Each structure stands twice: as C-alpha cells, then as structure tokens.
Amino acid sequence: MRFFHHITLVAGLFTATTVSGQTQSPYELRTGRELSLFGIGAATGITALVLEKAVDPLTPATIATLDRSTINAFDRGATYRYSHTADRLSDVTLAGNVALLGALTLGTQTMRQEVKTVGVMFLETALLVNGIQRSVKNIAQRTRPYVYNPDVPLADKLDREARQSFFSGHATNAFAAAVFTGTTFSHYFPTSRYRSVVWIGSLGLASATAVLRYEGGLHYPTDLLAGAAFGSLVGWGIPKLHEVKNRSSIGHRLDIQPFSNGQANGIYARLLVFSR
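Just so we're clear, the structure is a prediction, and the values are computed from it rather than from any experiment.

Draft legend 1. Main features of the overall build of the protein. Tallying secondary structure elements over the protein gives 12 helices and three strands in all. In the protein, which comprises 276 residues, the proportion classed as buried is 41%. Pairs at least 24 apart in sequence give 80% of the contacts found in the protein among residues at least 6 apart. As presented, the protein carries roughly 14600 Å² of accessible surface, and 63% of it is formed by carbon and sulfur atoms.

Written out as structure tokens, the structure is:
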C-alpha cells in the first residue's frame, strides 16, 4: 500500500485542453533546409548573371533578315503588338501582387505573428524563380516579338534584352506571388470566406500582368504560359515544402512529463486539442 501512496497517477491521465485564440502554425522553418534553398537561389542568380554577359545584342543586319512568318501561328500575333504604356502598367500589376501579400501579412494578426516565416518563404520563392527564369532566358536567347515589328524603333531592338523573351519573368513572378499568396492565406485561414476573394484578386492581377506583357509586344503567348506554369509551381511548392507534417497526429499533440510534488511521483500527460 505504501507503494501506491508514493506512486500517484495524476487524475485524468489524458487531459484534453483547448487552446483558445491560438493556432498551430501550418509552416515551420529549418535552418539546414533554408540555407540550402537560399544557396540554390543565390547559385542560380549568379549563373544567370554569368550567362547574361555571353548574350550578344542583335545587329541591324540580323534584324533586317527577320520574318514574322517564321513564327508559329499561335505566337505570331504578338509580333504586331508594341506599347510602352502596357510595359509600364505590367510593372504596376506585378507590384500589386506583392503588395497584396504584404497587406495580408501585416493586416491580419495570425499572419503578422508569422511574418518571419512568411517572409523567408517568399524570399526563397523570389530567389528561385528569378535565378532560374533568367538563366533559361540567357540560354534560350529567344528574340522578343517587338523585334519583328517594323514600327518599333531600331534602338529598342538593339538592346540585349531584345533576346530575352523565353520565358516571361513578369509572368513567372506574378503567378509565383499570386499562388504563394492564395496558398498561404488558405493555410492560415482554412475556413475564411475571403479565401476565394484572395485567390481571384491575386490571380486576376497576375493574369493582367501577362496580358499587358503580350500587348506590349514583349512576350509570345508561349513565353507567358511557361512563366505562369513555372511561377505557379514554385509559388505552391515552397509553402508545401514548409508545411508541418501530420499536424493533427497524436504524436504532435501529446505532451507526457514526469510528475513530482515532493510527496508523490507519477506521470502527467496532456492532450492538446487545437482550435481555429
């Protein structure tokens, strides 16, 4: 009997506790993984800069031989477009997507508390999409649509960027930001009625960016589709990579600790039930 007096099991071995006003973060940062992702992003960025130096601008003689009829029918329409206004507006809509993410992060308490996590993930996304898309551009060296347009000033065609059409950096960044924003917001607020609004708004801005790049004569439809697909993949993939696995499993919610008050010893167990 003395044994049972000294070994006391805490009443309610499994105590279910609801943590009000708190949520388990859907994401987690790991030093090794983050350093690896930043390293890959930096490496691709440096590669892009090295490759860009090897890109030779078009010459007037080469430009004179270009014929838009050699462009596939799906892309050919872009060679008739050219607009500095559309070019500038595409910068505005792209910035709008990034601003939307910033507004949601700072404007909602849940995401504001996770600003470091969201910021690190978005920076990784930006580094990867830009390093890779710029490297591909400098390898492909595809001539932009406006170079085929006889109404465009020769000076614009002689710029090195005139050979960096595939694939679209604006579309890549816009859709990466849009999908990243929609994904993270949905994870932080899975029951929010504003999820569809955020998705429609962010993807709408990204689509506007792509259309403006087309109207500006800066990209072919295939450039934009490739950029949208790649940007979306990375914008979804980075948050997915950081998701906390098995968040609802008992192994993550069960807290077991030894118990002692000087007179009795035992085991204290607490089962956490998270609510949003």
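Draft legend 2. Quick look at the packing of helix α5 (residues 84-107) against helix α9 (residues 169-188). For the pair α5 and α9, interaxial distance at closest approach is 10 Å and the crossing angle is 20°. In terms of axis orientation, α5 runs roughly parallel to α9. Where α5 crosses over α9, the handedness of that crossing is left-handed. Residues S90, D91, L94, N97, L100, L101 and L104 of α5 lie in contact with α9, whose contacting residues are H170, N173, A174, A177, A178, F180, T181, T184 and F185.

Draft legend 3. Just the confidence of the model for the protein, in detail. Per-residue confidence for the protein gives a mean pLDDT of 86; residues scoring 70 or more make up 80%. Note on residues 1-22: pLDDT under 50 across the span, and 33 contacts to partners over four residues away in sequence or across chains.

Draft legend 4. Representation of the side chain of T108 in the model. Structurally, the position occupied by T108 is in the loop between α5 and α6 (109-112). Among the polar contacts listed, one links the side chain of T108 to the backbone oxygen of L104, at a separation of 2.6 Å. Beyond its immediate sequence surroundings of up to four residues, T108 is in contact with A103 and F189.

Draft legend 5. Structural context of the side chain of H170. Here H170 is to be found in helix α9. Take H170: its relative accessible area is 16%, and that puts it in the buried class. Of note is the side chain of H170, whose polar atom sits 3.5 Å from the side chain of R213. Each residue touching H170, except ones within four places of it in the same chain, is listed here: S90, D91, L94, T209 and R213.

Draft legend 6. Up close: the nonpolar core. M111, V118, F180, F185, Y188, V234 and I238 are the most contacted members of the largest nonpolar core, which totals 21 residues. Filtering out sequence-adjacent residues up to four positions away, V118 remains in contact with L101, T105, M111, F180 and Y188. One finds A78, L94, Y214 and Y220 within the second-largest nonpolar core, a separate group that totals 14 residues.

Draft legend 7. Looking closely at helix α11 (residues 221-242). When the terminal C-alpha atoms of α11 are compared, their 32 Å separation across 22 residues agrees well with the 32 Å that a helix rising 1.5 Å per residue should span. Taken together, the buried positions of α11 are P221, D223, L224, G227, A228, F230, G231, V234, G235, I238, P239 and H242. Those residues of α11 that are buried are in contact with α2 (31-53), α4 (73-76), α7 (115-140), α9 and α10 (195-215).

Draft legend 8. Structural context of the packing of aromatic side chains. Applying the stated criterion across every chain yields a total of six aromatic pairs. Relative to Y188, the ring of Y27 has its centre 5.5 Å away and its plane inclined at 70°; by these criteria the two rings are edge-to-face. Here Y27, found in the loop between β1 (14-19) and α2, pairs with Y188, found in helix α9; they are 161 residues apart in sequence, far enough to count as distant. The two residues Y27 and Y188 agree in class, both being buried. Considering the side-chain rings of F185 and F189, the 4.9 Å spacing of their centres and the 40° angle between planes classify their relative orientation as tilted. Aromatic rings pair up to connect F166, F167 and F230 into one cluster. In this structure, R68 is placed above the aromatic ring of Y80, and the distance from its NZ or CZ to the ring centre is 3.8 Å.

Draft legend 9. Spatial organisation of α5. Here α5 is 24 residues long and its end C-alpha atoms lie 34 Å apart, about the 34 Å a rise of 1.5 Å per residue gives. Looking at α5, one finds that the buried residues are A86, S90, T93, L94, N97, L101, L104 and T105. In this structure, the buried residues of α5 make contact with α6, α7, α9 and α10. For α5, the N-terminal capping position is held by S83, with its side-chain oxygen 3.3 Å away from the main-chain nitrogen of T85.

Draft legend 10. Fine view of the packing of α5 against α10. For the pair α5 and α10, interaxial distance at closest approach is 8 Å and the crossing angle is 160°. Between α5 and α10, the interaxial angle falls into the category roughly antiparallel. Of the two elements, α5 crosses α10, and the hand of that crossing is left-handed. Across from A86, D87, L89, S90, T93, L94, G96, N97, L100 and L104 in α5, the residues of α10 making contact are V198, G201, S202, L205, A206, A208, T209, L212, R213 and E215. For the contact of α5 with α10, a count of residues per class yields 10 nonpolar, seven polar and three charged.

The rules behind the values
- Residues numbered from 1 in each chain as written.
- Predicted model: local features only at pLDDT ≥ 70, side-chain atom pairs only at ≥ 80, totals over all residues.
- Heavy atoms only, no water.
- Helix = DSSP H or I, 4+ residues; strand = E, 2+ residues; numbered from the N terminus.
- Buried < 20%, exposed > 50% of the residue type's maximum accessible area, 1.4 Å probe, protein only.
- Contact = heavy atoms within 4.5 Å.
- Areas by Shrake-Rupley, 256 points an atom, 1.4 Å probe, with all protein chains shown as cover.
- Axes fitted to C-alpha atoms, helices over the stretch in contact; angles between N-to-C directions.
- Parallel < 35°, antiparallel > 145°, perpendicular 65-115°, else oblique.
- Left-handed = near helix turned anticlockwise from the far one by under 90°.
- pLDDT = per-residue confidence, 0-100.
- Polar contact = N/O pair within 3.5 Å; in protein donor to acceptor, adjacent residues only side chain to side chain.
- Core = buried A, V, L, I, M, F, W, Y, C linked by side-chain atoms within 4.5 Å.
- Expected span 1.5 Å × (residues − 1).
- Phe/Tyr/Trp six-rings, centres within 6.5 Å; stacked < 30°, edge-to-face > 60°.
- Lys NZ or Arg CZ within 6 Å of the ring centre and 35° of its normal.
- Nonpolar A, V, L, I, M, F, W, Y, C, P; charged D, E, K, R; others polar.

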